[in-house]
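Spelled out from the first residue to the last, the chains are:
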Amino acid sequence: MNKLYLELKNKIEAANSIIVFSHVSPDGDTLGSNLAISLMIENCFNKKVDSVFAGSLPSLYSYLPDFNRFKDVQTIPSDKKYDLAIAVDVASKDRMISGTVIFDNAKTNVNIDHHKTNTGYGNINIIDGEAACVGIILYRIFSEWNYKIPLDVARCIYTSLLTDTGGFRYENTGVECFNLAAELVKLGVSPMEEYRACYETKPQSMVQFQAYIVSNTLFYNNGKIAFAKITRSDMSKFDAIDEYTEGIVEVLRSSKNVEIAAILKETKEGWTKVSLRSKNTNIIPVVLEFGGGGHTFAAGCTIKKPIPIAFDKLLKRIQSEIPA
(Lines give C-alpha, C1' and ligand atoms only; values in the text may rest on other atoms or scores of the structure.)
Protein backbone atom coordinates (compact mmCIF):
# COMPACT_ATOMS: atom_id res chain seq x y z
CA MET A 1 0.00 0.00 0.00
CA ASN A 2 1.14 3.56 -0.72
CA LYS A 3 2.99 4.81 2.39
CA LEU A 4 0.93 8.01 2.66
CA TYR A 5 -2.37 6.18 2.18
CA LEU A 6 -1.43 3.76 4.94
CA GLU A 7 -0.35 6.60 7.21
CA LEU A 8 -3.70 8.35 6.67
CA LYS A 9 -5.55 5.10 7.43
CA ASN A 10 -3.61 4.65 10.66
CA LYS A 11 -4.30 8.24 11.74
CA ILE A 12 -8.02 7.77 11.10
CA GLU A 13 -8.07 4.55 13.12
CA ALA A 14 -6.32 6.28 16.03
CA ALA A 15 -8.44 9.46 15.99
CA ASN A 16 -11.36 10.12 18.31
CA SER A 17 -12.28 13.45 16.72
CA ILE A 18 -12.07 14.25 12.99
CA ILE A 19 -12.90 17.34 10.92
CA VAL A 20 -12.86 17.71 7.12
CA PHE A 21 -12.48 21.13 5.47
CA SER A 22 -13.65 22.47 2.11
CA HIS A 23 -12.34 25.70 0.63
CA VAL A 24 -14.15 29.04 0.71
CA SER A 25 -16.73 29.56 -2.08
CA PRO A 26 -17.01 25.77 -2.35
CA ASP A 27 -17.50 24.03 -5.70
CA GLY A 28 -18.42 20.51 -6.73
CA ASP A 29 -14.93 19.10 -6.27
CA THR A 30 -14.34 20.31 -2.73
CA LEU A 31 -17.90 19.49 -1.58
CA GLY A 32 -18.06 16.12 -3.29
CA SER A 33 -14.61 15.19 -1.96
CA ASN A 34 -15.47 16.36 1.55
CA LEU A 35 -18.61 14.23 1.63
CA ALA A 36 -16.85 11.28 0.02
CA ILE A 37 -14.10 11.02 2.63
CA SER A 38 -16.43 11.96 5.52
CA LEU A 39 -18.94 9.26 4.60
CA MET A 40 -16.19 6.74 3.88
CA ILE A 41 -14.64 7.29 7.31
CA GLU A 42 -18.01 6.93 9.03
CA ASN A 43 -18.95 3.83 7.01
CA CYS A 44 -15.66 1.98 7.23
CA PHE A 45 -14.08 3.17 10.46
CA ASN A 46 -17.22 3.90 12.50
CA LYS A 47 -15.91 7.37 13.41
CA LYS A 48 -17.94 10.57 13.63
CA VAL A 49 -16.77 13.34 11.30
CA ASP A 50 -17.49 17.09 11.25
CA SER A 51 -17.75 18.26 7.63
CA VAL A 52 -17.28 22.02 7.31
CA PHE A 53 -17.34 24.74 4.67
CA ALA A 54 -16.28 28.39 4.59
CA GLY A 55 -18.29 31.27 3.15
CA SER A 56 -21.67 30.30 1.71
CA LEU A 57 -22.86 26.79 0.89
CA PRO A 58 -24.23 26.56 -2.69
CA SER A 59 -27.62 24.89 -2.84
CA LEU A 60 -26.81 23.78 -6.41
CA TYR A 61 -25.15 20.75 -4.81
CA SER A 62 -27.92 19.95 -2.37
CA TYR A 63 -28.64 16.77 -4.35
CA LEU A 64 -25.45 15.24 -2.91
CA PRO A 65 -25.92 12.50 -0.29
CA ASP A 66 -26.05 13.78 3.30
CA PHE A 67 -25.55 17.37 2.08
CA ASN A 68 -27.23 18.74 5.21
CA ARG A 69 -24.38 17.47 7.36
CA PHE A 70 -22.24 20.46 6.38
CA LYS A 71 -21.50 22.99 9.14
CA ASP A 72 -20.28 26.55 8.74
CA VAL A 73 -16.71 26.56 10.00
CA GLN A 74 -17.49 29.72 11.96
CA THR A 75 -19.81 27.69 14.20
CA ILE A 76 -16.85 25.59 15.37
CA PRO A 77 -14.98 27.13 18.36
CA SER A 78 -11.52 28.17 17.16
CA ASP A 79 -9.92 26.65 20.25
CA LYS A 80 -11.45 23.22 19.65
CA LYS A 81 -8.70 20.64 19.21
CA TYR A 82 -9.29 17.70 16.89
CA ASP A 83 -7.18 14.57 16.69
CA LEU A 84 -7.30 14.72 12.90
CA ALA A 85 -8.03 17.55 10.46
CA ILE A 86 -8.27 16.88 6.72
CA ALA A 87 -8.39 19.55 4.00
CA VAL A 88 -9.66 18.51 0.56
CA ASP A 89 -9.14 20.59 -2.59
CA VAL A 90 -7.76 23.48 -0.51
CA ALA A 91 -4.86 24.96 -2.50
CA SER A 92 -3.65 27.17 0.35
CA LYS A 93 -4.45 27.29 4.06
CA ASP A 94 -5.98 30.76 3.92
CA ARG A 95 -8.81 29.32 1.80
CA MET A 96 -10.13 27.66 4.95
CA ILE A 97 -10.70 31.19 6.33
CA SER A 98 -11.17 30.95 10.13
CA GLY A 99 -10.74 27.19 9.91
CA THR A 100 -6.99 27.64 9.47
CA VAL A 101 -6.53 27.90 13.25
CA ILE A 102 -8.48 24.69 13.87
CA PHE A 103 -6.54 22.92 11.12
CA ASP A 104 -3.18 24.00 12.56
CA ASN A 105 -4.17 23.07 16.12
CA ALA A 106 -5.17 19.51 15.25
CA LYS A 107 -2.95 16.73 16.55
CA THR A 108 -2.40 15.69 12.93
CA ASN A 109 -3.46 17.59 9.81
CA VAL A 110 -3.72 16.22 6.29
CA ASN A 111 -3.67 18.08 2.97
CA ILE A 112 -5.26 16.21 0.02
CA ASP A 113 -5.18 18.27 -3.15
CA HIS A 114 -4.55 18.47 -6.90
CA HIS A 115 -3.43 22.10 -7.32
CA LYS A 116 0.10 22.53 -8.66
CA THR A 117 0.44 25.68 -6.56
CA ASN A 118 -0.16 23.80 -3.29
CA THR A 119 2.86 24.28 -1.00
CA GLY A 120 2.33 21.13 1.08
CA TYR A 121 1.16 22.78 4.29
CA GLY A 122 0.00 19.62 6.10
CA ASN A 123 1.72 17.15 8.39
CA ILE A 124 0.68 14.61 5.76
CA ASN A 125 0.50 15.84 2.15
CA ILE A 126 -1.19 13.78 -0.55
CA ILE A 127 -0.90 16.01 -3.60
CA ASP A 128 -1.03 15.18 -7.31
CA GLY A 129 -0.97 18.26 -9.53
CA GLU A 130 -1.77 16.11 -12.56
CA ALA A 131 -4.98 14.66 -11.14
CA ALA A 132 -8.13 16.08 -12.73
CA CYS A 133 -9.86 16.37 -9.37
CA VAL A 134 -9.48 15.41 -5.72
CA GLY A 135 -12.13 12.73 -6.22
CA ILE A 136 -9.63 10.76 -8.31
CA ILE A 137 -7.07 10.87 -5.49
CA LEU A 138 -9.67 9.74 -2.97
CA TYR A 139 -10.71 6.83 -5.18
CA ARG A 140 -7.08 5.70 -5.32
CA ILE A 141 -6.86 5.92 -1.53
CA PHE A 142 -10.12 4.05 -0.91
CA SER A 143 -9.17 1.36 -3.41
CA GLU A 144 -5.85 0.71 -1.68
CA TRP A 145 -7.59 0.59 1.69
CA ASN A 146 -9.53 -2.30 0.13
CA TYR A 147 -12.90 -1.21 1.52
CA LYS A 148 -16.07 -1.50 -0.55
CA ILE A 149 -17.10 1.96 -1.76
CA PRO A 150 -20.81 2.61 -0.96
CA LEU A 151 -23.06 4.16 -3.60
CA ASP A 152 -23.35 7.42 -1.64
CA VAL A 153 -19.57 7.80 -1.66
CA ALA A 154 -19.40 6.88 -5.36
CA ARG A 155 -21.93 9.61 -6.19
CA CYS A 156 -19.89 12.21 -4.31
CA ILE A 157 -16.72 11.20 -6.15
CA TYR A 158 -18.62 11.38 -9.45
CA THR A 159 -19.66 14.98 -8.74
CA SER A 160 -16.03 15.86 -8.00
CA LEU A 161 -15.03 14.31 -11.32
CA LEU A 162 -17.93 15.70 -13.33
CA THR A 163 -17.56 19.30 -12.21
CA ASP A 164 -13.78 19.66 -12.30
CA THR A 165 -13.61 18.22 -15.83
CA GLY A 166 -16.49 20.43 -16.97
CA GLY A 167 -18.60 17.42 -17.84
CA PHE A 168 -15.55 15.61 -19.29
CA ARG A 169 -14.77 18.53 -21.63
CA TYR A 170 -11.73 20.22 -20.10
CA GLU A 171 -8.09 19.67 -20.96
CA ASN A 172 -7.58 17.72 -17.72
CA THR A 173 -9.89 14.93 -18.95
CA GLY A 174 -7.75 11.86 -19.58
CA VAL A 175 -7.95 8.09 -19.60
CA GLU A 176 -8.03 7.88 -15.80
CA CYS A 177 -11.13 10.08 -15.74
CA PHE A 178 -13.09 7.79 -18.04
CA ASN A 179 -11.83 4.68 -16.26
CA LEU A 180 -12.96 6.13 -12.93
CA ALA A 181 -16.34 7.13 -14.37
CA ALA A 182 -16.81 3.55 -15.59
CA GLU A 183 -15.96 2.16 -12.13
CA LEU A 184 -18.39 4.54 -10.46
CA VAL A 185 -21.16 3.56 -12.88
CA LYS A 186 -20.47 -0.09 -11.98
CA LEU A 187 -21.07 0.91 -8.36
CA GLY A 188 -24.53 2.24 -9.29
CA VAL A 189 -23.99 5.88 -10.28
CA SER A 190 -26.36 7.13 -13.02
CA PRO A 191 -24.55 9.62 -15.32
CA MET A 192 -27.85 11.03 -16.60
CA GLU A 193 -29.28 11.63 -13.12
CA GLU A 194 -26.08 13.16 -11.79
CA TYR A 195 -25.69 15.45 -14.81
CA ARG A 196 -29.27 16.67 -14.61
CA ALA A 197 -29.02 17.26 -10.87
CA CYS A 198 -25.76 19.16 -11.25
CA TYR A 199 -26.34 21.19 -14.41
CA GLU A 200 -30.05 21.27 -15.26
CA THR A 201 -31.75 22.46 -12.09
CA LYS A 202 -30.95 26.18 -12.13
CA PRO A 203 -33.55 28.61 -10.75
CA GLN A 204 -35.11 30.91 -13.35
CA SER A 205 -33.58 33.97 -11.67
CA MET A 206 -30.13 32.40 -12.03
CA VAL A 207 -30.62 31.85 -15.77
CA GLN A 208 -31.77 35.47 -16.20
CA PHE A 209 -28.89 36.82 -14.10
CA GLN A 210 -26.28 34.89 -16.05
CA ALA A 211 -27.78 36.00 -19.36
CA TYR A 212 -27.56 39.64 -18.20
CA ILE A 213 -23.90 39.35 -17.19
CA VAL A 214 -22.93 37.57 -20.42
CA SER A 215 -24.76 40.13 -22.55
CA ASN A 216 -22.69 42.92 -20.97
CA THR A 217 -19.33 41.27 -21.60
CA LEU A 218 -16.53 43.45 -22.97
CA PHE A 219 -14.10 42.09 -25.58
CA TYR A 220 -10.54 43.19 -26.23
CA ASN A 221 -7.61 42.35 -28.53
CA ASN A 222 -9.80 41.44 -31.48
CA GLY A 223 -12.09 39.34 -29.35
CA LYS A 224 -9.31 37.25 -27.79
CA ILE A 225 -9.98 38.59 -24.29
CA ALA A 226 -13.42 38.60 -22.64
CA PHE A 227 -14.07 40.53 -19.41
CA ALA A 228 -17.34 40.57 -17.49
CA LYS A 229 -18.05 42.54 -14.32
CA ILE A 230 -20.45 41.59 -11.54
CA THR A 231 -21.24 44.35 -9.06
CA ARG A 232 -23.20 44.16 -5.84
CA SER A 233 -25.84 46.20 -7.65
CA ASP A 234 -26.10 43.52 -10.35
CA MET A 235 -26.54 40.89 -7.65
CA SER A 236 -29.28 42.89 -5.95
CA LYS A 237 -31.13 43.51 -9.22
CA PHE A 238 -31.72 39.77 -9.64
CA ASP A 239 -31.72 38.80 -5.95
CA ALA A 240 -28.70 36.74 -6.93
CA ILE A 241 -26.62 34.74 -4.46
CA ASP A 242 -22.96 33.83 -4.85
CA GLU A 243 -23.60 30.49 -6.51
CA TYR A 244 -25.41 32.24 -9.38
CA THR A 245 -22.02 33.27 -10.79
CA GLU A 246 -20.87 29.68 -11.23
CA GLY A 247 -20.23 28.67 -14.83
CA ILE A 248 -20.36 32.16 -16.39
CA VAL A 249 -16.64 32.36 -17.08
CA GLU A 250 -16.79 29.04 -18.95
CA VAL A 251 -19.57 30.45 -21.14
CA LEU A 252 -17.31 33.40 -22.04
CA ARG A 253 -14.41 31.10 -22.85
CA SER A 254 -16.66 29.10 -25.19
CA SER A 255 -16.77 32.01 -27.66
CA LYS A 256 -14.83 31.00 -30.77
CA ASN A 257 -12.17 33.73 -30.71
CA VAL A 258 -11.73 34.07 -26.95
CA GLU A 259 -8.39 32.90 -25.58
CA ILE A 260 -8.72 34.24 -22.02
CA ALA A 261 -11.97 34.95 -20.19
CA ALA A 262 -12.32 36.74 -16.86
CA ILE A 263 -15.11 37.38 -14.38
CA LEU A 264 -14.51 40.23 -11.95
CA LYS A 265 -16.91 40.12 -9.03
CA GLU A 266 -17.30 42.82 -6.40
CA THR A 267 -17.06 41.44 -2.87
CA LYS A 268 -18.90 42.73 0.19
CA GLU A 269 -15.66 44.45 1.25
CA GLY A 270 -15.50 46.31 -2.05
CA TRP A 271 -12.62 44.18 -3.35
CA THR A 272 -12.54 42.24 -6.61
CA LYS A 273 -12.68 38.46 -6.84
CA VAL A 274 -11.34 37.20 -10.17
CA SER A 275 -12.03 33.94 -12.00
CA LEU A 276 -9.89 33.28 -15.07
CA ARG A 277 -10.14 30.65 -17.79
CA SER A 278 -8.04 30.17 -20.91
CA LYS A 279 -7.90 27.82 -23.86
CA ASN A 280 -4.16 27.49 -24.44
CA THR A 281 -2.42 30.14 -22.30
CA ASN A 282 -0.89 29.33 -18.92
CA ILE A 283 -2.63 31.81 -16.60
CA ILE A 284 -0.95 30.76 -13.36
CA PRO A 285 1.78 33.45 -13.72
CA VAL A 286 -0.99 36.06 -14.04
CA VAL A 287 -2.87 35.12 -10.87
CA LEU A 288 0.33 34.56 -8.89
CA GLU A 289 1.14 38.25 -9.38
CA PHE A 290 -2.10 39.03 -7.55
CA GLY A 291 -1.64 36.44 -4.80
CA GLY A 292 -3.84 33.80 -6.41
CA GLY A 293 -3.41 30.26 -7.67
CA GLY A 294 -5.08 27.36 -9.43
CA HIS A 295 -4.48 25.37 -12.58
CA THR A 296 -2.84 26.07 -15.94
CA PHE A 297 -6.09 26.99 -17.70
CA ALA A 298 -8.36 27.67 -14.71
CA ALA A 299 -7.24 29.95 -11.90
CA GLY A 300 -8.33 32.83 -9.69
CA CYS A 301 -7.30 35.51 -7.25
CA THR A 302 -8.66 38.33 -5.13
CA ILE A 303 -7.44 41.85 -5.85
CA LYS A 304 -7.90 44.13 -2.85
CA LYS A 305 -9.03 47.04 -5.01
CA PRO A 306 -12.40 48.22 -6.37
CA ILE A 307 -13.47 46.71 -9.69
CA PRO A 308 -12.45 49.69 -11.92
CA ILE A 309 -8.86 49.63 -10.62
CA ALA A 310 -8.64 45.84 -10.58
CA PHE A 311 -10.13 45.73 -14.08
CA ASP A 312 -7.42 48.00 -15.53
CA LYS A 313 -4.57 46.22 -13.74
CA LEU A 314 -5.72 42.77 -14.76
CA LEU A 315 -6.52 43.72 -18.35
CA LYS A 316 -3.06 45.23 -18.88
CA ARG A 317 -1.42 42.11 -17.44
CA ILE A 318 -3.47 39.78 -19.63
CA GLN A 319 -2.90 41.90 -22.71
CA SER A 320 0.83 41.38 -22.20
CA GLU A 321 0.16 37.65 -22.68
CA ILE A 322 -2.13 37.98 -25.70
CA PRO A 323 -1.02 39.81 -28.85
CA ALA A 324 -3.55 42.24 -30.32
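Cut-off values and rules
- Residues numbered from 1 in each chain as written.
- Predicted model: local features only at pLDDT ≥ 70, side-chain atom pairs only at ≥ 80, totals over all residues.
- Heavy atoms only, no water.
- Helix = DSSP H or I, 4+ residues; strand = E, 2+ residues; numbered from the N terminus.
- Buried < 20%, exposed > 50% of the residue type's maximum accessible area, 1.4 Å probe, protein only.
- Contact = heavy atoms within 4.5 Å.
- Phe/Tyr/Trp six-rings, centres within 6.5 Å; stacked < 30°, edge-to-face > 60°.
- Lys NZ or Arg CZ within 6 Å of the ring centre and 35° of its normal.
- Axes fitted to C-alpha atoms, helices over the stretch in contact; angles between N-to-C directions.
- Parallel < 35°, antiparallel > 145°, perpendicular 65-115°, else oblique.
- Left-handed = near helix turned anticlockwise from the far one by under 90°.
- Nonpolar A, V, L, I, M, F, W, Y, C, P; charged D, E, K, R; others polar.
- Salt bridge = Lys/Arg side-chain N within 4 Å of Asp/Glu carboxyl O.
- Polar contact = N/O pair within 3.5 Å; in protein donor to acceptor, adjacent residues only side chain to side chain.

A.B. asks: Explain unusual backbone geometry to me, and be specific about the residues and the numbers.
C.D. replies: The backbone of asparagine 46 sits at a positive phi, close to 55°, despite the residue not being glycine. Here asparagine 46 shows up in the loop between helix H2 (28-45) and strand E2 (49-54). Asparagine 46 gets classed as exposed once you look at its relative accessible area, which sits at 71%. Of note in this structure, asparagine 146 is not a glycine but carries a positive phi near 65°.

A.B. asks: I'd like a description of the side chain of threonine 281, backed by residues and values.
C.D. replies: As for its placement among the helices and strands, threonine 281 is situated in the loop between strand E10 (272-278) and helix H11 (284-288). Judged by relative accessible area, threonine 281 falls into the buried class, the value being 14%. Threonine 281 has contacts with Glu259, Ile260, Thr296, Phe297, Glu321 and Ile322, leaving out every residue within four places of it along the chain.

A.B. asks: Describe the packing of aromatic side chains, naming the residues involved and giving the relevant values.
C.D. replies: Taken as a whole and assessed by the stated rule, the structure comprises 16 aromatic pairs. With centroids separated by 5.7 Å and ring planes inclined at 75°, the aromatic side chains of phenylalanine 67 and phenylalanine 70 adopt a geometry described as edge-to-face. Of the two residues, phenylalanine 67 and phenylalanine 70, both sit in the buried class. Among the aromatic residues, those joined into a ring-pair cluster are Phe45, Phe142, Trp145 and Tyr147. Stacked on the ring of phenylalanine 311, the Lys or Arg lysine 229 has its end atom at 5.4 Å from the ring centre. Sitting above the plane of the tyrosine 170 ring, arginine 253 keeps its charged end 5.0 Å from the centroid.

A.B. asks: Describe the packing of H2 against helix H4 (residues 134-145), naming the residues involved and giving the relevant values.
C.D. replies: Axis angle and axis distance: for two packed helices, these are the angle between their axes and the distance between the axes, and together they describe the pair. Remark: H2 packs on H4, axes separated minimally by 9 Å, with the N-to-C direction vectors making an angle of 15°. With respect to H4, the element H2 is oriented roughly parallel. Judged by the sense of rotation from one axis to the other, the crossing of H2 with H4 is left-handed. Of the residues in H4, those in contact with Asp29, Ser33, Ala36, Ile37, Met40 and Phe45 of H2 are Val134, Gly135, Leu138, Phe142 and Trp145. Residue composition of the contact of H2 with H4, by class: eight nonpolar, two polar and one charged.

A.B. asks: Provide a residue-level description of the pattern of salt bridges, including the pertinent values.
C.D. replies: Considering all chains together, one arrives at 16 salt bridges under this definition. The partner of glutamate 13 in a salt bridge is lysine 9, and the shortest N-O contact between them spans 2.9 Å. Of this pair, glutamate 13 and lysine 9 are both found in helix H1 (residues 3-14), four residues apart, which corresponds to roughly one turn of the helix. On the accessibility criterion, lysine 9 (14% relative accessible area) is buried. As a salt-bridge pair, arginine 69 and glutamate 42 come within 2.8 Å of each other at their nearest N and O atoms. One end of the pair, arginine 69, is in the loop between E2 and strand E3 (71-72); the other, glutamate 42, is in helix H2, and 27 residues separate them in sequence. Residue class for glutamate 42 comes out partly exposed when judged on its relative accessible area of 25%. The network of salt bridges with common partners includes Lys48, Asp50, Lys71 and Lys80.

A.B. asks: I'd like to hear about the environment of serine 62, residue by residue, with values.
C.D. replies: As for its position among the elements, serine 62 is in the loop between E2 and E3. When its relative accessible area of 45% is taken as the criterion, serine 62 is described as partly exposed. Residues serine 62 and asparagine 34, 28 residues apart in the sequence, show an inter-C-alpha distance of 14 Å. Of note is the side chain of serine 62, whose polar atom sits 2.8 Å from the backbone oxygen of serine 59.

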